[in-house]
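# Examination of the molecular architecture
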Amino acid sequence: MPIDLTDRQQNDLHRAMLDYLHSAGYHKTFEQFKEECAQAEYEPDAGSKTKDLLVKKWTSVIRLQKKIVDLESRLAQALQDSANVVANPASLNQRSNPDWLPTVTPPKLVLTGHRANVNAVTFHPLYSVLVSASDDSTMKVWDWDTGELERTVQGHTRRVSDCEYDSKGKFLVSGSHDLFIKLWDVDNEYKNIATFRGHDHSISTVRFLPGDDRIVSASRDQTVRIWEVATTHCIRVLKPHEDWIRTAIPSLDGRLLVTSCMDHTARVIETANGNLRAEFRGHDNVVENAIFAPRNAVPAISELAGLKTGATPATSATEDASVAFVVTASRDQKIKIWDARTGKCLHTLIGHDGWVHGLVFHPNGRYLLSAADDGSIRIWEIKTGRCIRKVDTGERFTSSFAWGRQTVGGGAADAAKDGQGDGPRRVNVIASGCWDYTVKIWKP
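This report concerns the structure included in the present document. All values reported here derive from a predicted model rather than from experimental measurement.

## Remarks on the pairing of strand E22 (residues 356-361)
Among the six residues in E22, six count as buried, and that is most of the element. With five bridges joining them, E22 and strand E23 (residues 367-372) adopt antiparallel strand pairing. The residue of E23 that forms the bridge with Leu359 is Ser370.

Shown next as C-alpha cells:
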C-alpha cells in the first residue's frame, strides 16, 4: 500500500474494492480480500458512501482523460495559429486574409432572441448584416460585427425554413411551411412587398436565380418551381423527384439546378425544362444538401480524384468548370464528391457522427466546411480528403451554415471571380443556425 495514503483513505479504498468485488460476483476473491485487508466485519451496504465508488472514480478518470486529449488538441491548434501569425505578419489583418480558417476556440458571438430552432442563416452581400430564419415564424436581422439585433421580421404564420438576399442586397426572399414565399424590401424597413402562392406543401429552400429577376423554390410537394419576381407568377413547375425535395440550388449562370431529396438521391437538371443531366446515387439515407463546386475548387477536386482513381477528370472546353462537380451531404453521416457529368462518386468524406446539413466551400477553393448534428463544424482539405480541423459548435444540432458574402479589395461585380488573383476577397465570417435557438458567429 502506498505510504502517502492515510489510514482513513486506506480504509475507504479497501471498502470500495470489496463493494466492487461483491457487486461483480467475485465472491471467493471478496472473502479472501476481506481477510487480507482486515475488514472481516465488512458487509455490503446499499447506503454506504463507498457503494459503487470504484466504478464512479474509474469513469471519472476516463472522462478526464478525454477532456485532456481534447484540450491538448485545442492548445496545439492555437499554438499553430499563433505561429502562423508570427511567421506571416500580413495575416494579422485576418478579416480579409484569404487563407483564414475558423479556430477551435468558442464562437466570437452567440446571437440570442429566437424562441425556437434556427433553420437558416444568410449574409447581406454588402454590409455586416445577417438574417436568421426560425421555427418561431420570424426572421431576425442582426449586425454580425457587434451582435446587435436590428429588427424582427414578421409575416409568416409557420416555420420559416429558408431565406436569401439578392445579389445587391435590395431584397430578401423567404420560404415557409405556411406554403408561401415572401419578398421583403430591405431599404423600406423589410416591408413585405410580394407573396408567391402555388406550392401545396412545406417549402424547403428559396434562392434568387442569377439576375435576381426569378426565384427558384423546392418543396415537400415534390416540385421545384420557378417564379417571376415582377409578376409573382409561377412560370415553370419541375418534377425531378417523387419525394420531398430538400434543396434546389442554381449554378453560377443559372442554367442548371442541383437538387437533393428524401429519396436518397441528388440530381442536376436544366432550369429551362427540367431535363435530367445527372443523377447521383450512393447515399444510404436522405440527401440533406447538394451544391455545385466553385471554379476555384476544381483543381483541388481534380487532384483528389486523380489520387483516388488514378485519372484526373478533364473539363471539356464547352463546359463551365463551375458545374463540373457536385458535393452532397446526407443523413448517412457522409459527404460525397461527384463528377457532375457522369454521376460517378469520386470520393467520400467520412468523419461526422450525425446528419450532415451545411456545406460551404472556403473562398480560396482549397477547403470544404461542413456542419452536422454531432455538434461540430469540420474543415476538409479537398486535395487530400482529410479532415484537418474540428470546430465545436456548443450545440449538437446544427441546421444551417453560411460564409459571409461581403467583399473587400474590389467591386462587388467582380465577386464572381471567386477571389482569384487580385480581385475582391470575401470577408472572413461564418455563421451557424442551431437548435438551441441561437446563431453562432466565428470571425477573426
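## Structural notes on the sheet that holds strand E4 (residues 138-143)
Note: strands within a sheet are paired through backbone hydrogen bonds, in either parallel or antiparallel orientation. The four strands are arranged E2-E3-E4-E5 in an open sheet whose pairing can be described as antiparallel. Bordering the open sheet on either side are strand E2 (118-123) and strand E5 (148-154), each of which pairs with just one other strand. Strand-to-strand twist across the sheet, computed as the mean angle between neighbouring axes with direction ignored, equals 20°. Two elements, strand E3 (residues 129-134) and E4, share five bridges in a ladder whose sense is antiparallel. Considered in E4, the bridge of Val129 is made with Asp143.

## A few points about helix H1 (residues 7-23)
A turn of α-helix holds 3.6 residues, and therefore any two residues three or four places apart point the same way. Here H1 spans 24 Å end to end across 17 residues, near enough to the 24 Å set by a 1.5 Å rise per residue. For H1, the set of buried residues is Asp12, His14, Ala16, Leu18, Asp19 and Leu21. Immediately downstream of H1, the backbone of Gly25 shows phi near 90°, a positive value.

## Some remarks on the sheet that holds strand E13 (residues 234-238)
Overall, antiparallel pairing links the four strands, which are arranged E10-E11-E12-E13 in an open sheet. Two strands in the sheet have a free side with no partner beyond their single neighbour: strand E10 (203-208) and E13. Looking at each pair of strands side by side, their axes are set apart by 20° on average, direction ignored. Relative to strand E12 (residues 224-228), strand E11 (residues 214-219) runs antiparallel, the two sharing five bridges.

## Digging into the pattern of salt bridges
When charged atoms on two side chains of opposite charge get close, those side chains can pair. With the rule as written, the count across this model stands at 19 salt bridges. In this structure, Glu41 engages Arg15 in a salt bridge whose closest nitrogen and oxygen atoms are separated by 3.4 Å. One end of the pair, Glu41, is in the loop between helix H2 (27-36) and helix H3 (53-87); the other, Arg15, is in helix H1, with 26 residues separating them in the sequence. In this structure, Arg267 engages Glu279 in a salt bridge whose closest nitrogen and oxygen atoms are separated by 2.6 Å. Taken together, the residues Arg267 in strand E16 (residues 265-270) and Glu279 in strand E17 (residues 276-281) connect sequence positions twelve residues apart. With relative accessibility at 27%, the residue Glu279 sits in the partly exposed group. Put simply, Asp162, Glu164 and Arg207 are held in one network by salt bridges that share partners.

## What to know about H2
Among the residues making up H2, those that are buried are Phe30, Phe33 and Lys34. Looking straight down H2, one finds its buried side chains confined to an arc of 105°; they lie on one side. When the buried face of H2 is taken as reference, the exposed residues oriented beyond 90 degrees from it are Lys28, Glu35 and Glu36. Elements in contact with the buried residues of H2: H1. Phi turns positive one or two residues past the end of H2, at Ala38, with a value near 60°.

## So, the side chain of Asn296
Checked against the element boundaries, Asn296 lands in the loop between strand E18 (287-292) and helix H4 (298-309). Relative accessible area serves as the criterion here: at 10%, Asn296 is assigned to the buried category. At 2.7 Å, the side chain of Asn296 and the backbone oxygen of Pro363 are in polar contact.

## A look at the packing of aromatic side chains
Taken as a whole and assessed by the stated rule, the structure comprises six aromatic pairs. Taken together, a centroid distance of 5.9 Å and an interplanar angle of 75° make the contact between Phe196 and Trp227 edge-to-face. Linking Phe196 in strand E9 (residues 191-196) with Trp227 in strand E12, this pair joins segments that are 31 residues apart in sequence. With respect to class, Phe196 is no different from Trp227; both count as buried. Relative to Trp338, the ring of Phe280 lies with its centre 5.3 Å away and its plane at 45°, an arrangement referred to as tilted. Here Phe280, found in strand E17, pairs with Trp338, found in strand E20 (residues 334-339); they are 58 residues apart in sequence, far enough to count as distant. Note on accessibility: Phe280 and Trp338 belong to one class, buried. Its guanidinium or amino end placed over the ring of Phe180, Arg197 lies 5.2 Å from that ring's centre, counting from NZ or CZ. Its end group placed over the ring of Trp244, Arg246 keeps NZ or CZ at 4.6 Å from the ring centre.

## Looking at a nonpolar patch on the surface
A grouping of Tyr20, Tyr26, Leu54 and Val55 is seen on the molecular surface, where their side chains present a nonpolar patch of about 340 Å² in accessible area. Residue placement: Leu54 occurs in helix H3. Relative accessible area serves as the criterion here: at 31%, Leu54 is assigned to the partly exposed category.

What counts, and where the lines are drawn
Residues take numbers from 1 onward in each chain, read along the sequence in its written order. The predicted origin of the model limits local features to residues at a pLDDT of at least 70 and limits the giving and counting of side-chain atom pairs to 80 or more, whereas totals for whole chains, interfaces and linings rest on all residues. The basis for the side-chain values is all heavy atoms of the structure; hydrogens and waters are excluded. Whether a residue is buried, partly exposed or exposed follows from its accessible area with a 1.4 Å probe, protein chains only, as a fraction of its type maximum: under 20%, in between, or over 50%, in that order. Helical segments are the DSSP runs of H or I of at least four residues, strand segments are the runs of E of at least two, and each set is numbered from the N terminus. Following DSSP output, two strands are said to pair if at least two bridges run between them. Working convention: axes come from line fits to C-alpha atoms, limited for helices to the stretch in contact. Angles between N-to-C directions cover 0 to 180 degrees. A helix is expected to span 1.5 Å for every residue after the first. Basic side-chain nitrogens of Lys or Arg form a salt bridge, by our definition, when they fall within 4 Å of a carboxyl oxygen of Asp or Glu. The reported arc concerns the directions from the helix axis to the C-beta atoms and nothing else. Two residues qualify as a contact provided that any one of their heavy atoms is within 4.5 Å of a heavy atom in the partner residue. Here a polar contact is taken to be a pair of N or O atoms separated by no more than 3.5 Å, where protein atoms must pair a possible hydrogen donor with a possible acceptor and residues adjacent in sequence count only if both atoms sit in side chains. A pair of aromatic rings is counted whenever rings of Phe, Tyr or Trp (Trp by its six-membered ring) have centres within 6.5 Å, and the orientation is called stacked for planes under 30 degrees apart, edge-to-face for over 60 and tilted otherwise. Look at NZ for Lys and CZ for Arg. If either is within 6 Å of the ring centre and within 35 degrees of the ring normal, a charge sits over the ring. Patches were defined on residues exceeding 30% relative accessible area and lacking a salt bridge, with like-charge contacts within 9 Å and nonpolar side-chain contacts (Val, Leu, Ile, Met, Phe, Trp, Tyr) within 5 Å. The Shrake-Rupley method, run with a 1.4 Å probe sphere, supplies the accessible areas, and residue values consider only the shown protein chains as cover.

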